[in-house]
Amino acid sequence: EVRLVESGGGLVQAGGSLRLSCVVSGFSLNDYAMSWFRQAPGKEREPLSCVSAIDGARYYADSVNGRFTISADNVANTLYLQMNSLKAEDTAVYYCGTEAYCLYGQYEHWGQGAQVTVYS
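Rules behind the numbers
- Residues numbered from 1 in each chain as written.
- Predicted model: local features only at pLDDT ≥ 70, side-chain atom pairs only at ≥ 80, totals over all residues.
- Heavy atoms only, no water.
- Helix = DSSP H or I, 4+ residues; strand = E, 2+ residues; numbered from the N terminus.
- Buried < 20%, exposed > 50% of the residue type's maximum accessible area, 1.4 Å probe, protein only.
- 1 Å grid on protein atoms, 1.4 Å probe; cavity = no way out; pocket = protein on both sides within 12 Å on 5 of 7 lines; lining within 4 Å.
- Points joined across faces, edges and corners; volume = space filled by probe spheres on them.
- Disulfide = S-S within 2.5 Å.
- Polar contact = N/O pair within 3.5 Å; in protein donor to acceptor, adjacent residues only side chain to side chain.
- Contact = heavy atoms within 4.5 Å.

Draft legend 1. Broad picture of the environment of Val 75. Mapped onto the secondary structure, Val 75 falls in the loop between β7 (68-73) and β8 (78-83). Residue classification places Val 75 among the exposed positions, given a relative accessible area of 80%. Here the alpha-carbon distance between Val 75 and Leu 29, two residues 46 residues apart in the chain, equals 9.1 Å.

This is the structure:
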């Protein structure tokens, strides 16, 4: 069974950092492009980052480029999102998910999400 479990969310002061983890089972990380996206209340899903299964290339949305870093540990079957210089507008539920390819636009699997709240 394909499962993705996010962890590492919480309450953090503006300017601070968090690292999210996504432990996957039922598949290997290099079977899919691995992505992070978020959703705030009343807003649409916002793609944030993706690492390609083809060549390892990494992609970032303009809103997080330079602040967030995606990485993967294939041995541990774990995807990470390091988030630095957090802002109030980063407050959302964060999800890891799979895509056929980076920037494909359709998620095939995703987890339960992790709440991130940034306060001033």
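Draft legend 2. Structural detail: the layout of surface pockets. Considering only enclosed or pocket space, the largest pocket measures out at about 170 Å³ in volume. Considering the residues around the largest pocket, the lining is formed by 14 residues, among which Pro 47, Leu 48, Ser 49, Cys 50 and Leu 103 are closest to the centre. Going through the elements one at a time, β4 (33-39), β5 (46-51) and β6 (58-60) are the ones with two or more residues in the lining of the largest pocket. Ranked by residue count, the leading element in the lining of the largest pocket is β5, at four residues.

Draft legend 3. How the structure looks around the state of the cysteines. Scanning the model with the defined rule gives two disulfides in all. A disulfide bridge connects Cys 22 with Cys 96, and the sulfur atoms are separated by 1.9 Å. Every disulfide takes its handedness from the sign of the S-S torsion; for Cys 22 and Cys 96 that torsion is 60°, giving right-handed. With a gap of 74 residues between them, Cys 22 in strand β3 (residues 18-25) and Cys 96 in strand β9 (residues 92-99) connect regions that are remote in the sequence.

Draft legend 4. Just unusual backbone geometry, in detail. Positive phi, close to 50°, is recorded for Asn 77, a residue that is not glycine. Checked against the element boundaries, Asn 77 lands in the loop between β7 and β8. Judged by relative accessible area, Asn 77 falls into the partly exposed class, the value being 22%. Even without being a glycine, Leu 103 presents a positive backbone phi close to 70°. Within the secondary structure layout, Leu 103 lies in the loop between β9 and β10 (109-110).

Draft legend 5. Inspection of the side chain of Arg 67 at higher detail. Mapping Arg 67 onto the fold places it in the loop between β6 and β7. Classification of Arg 67 as buried rests on a relative accessible area of 11%. A distance of 2.9 Å separates the side chain of Arg 67 from the backbone oxygen of Ser 63, its partner in a polar contact. In this structure, Arg 67 is in contact with Gln 82, Met 83, Asn 84, Ser 85, Leu 86, Lys 87 and Asp 90, ignoring residues within four places of it in sequence.

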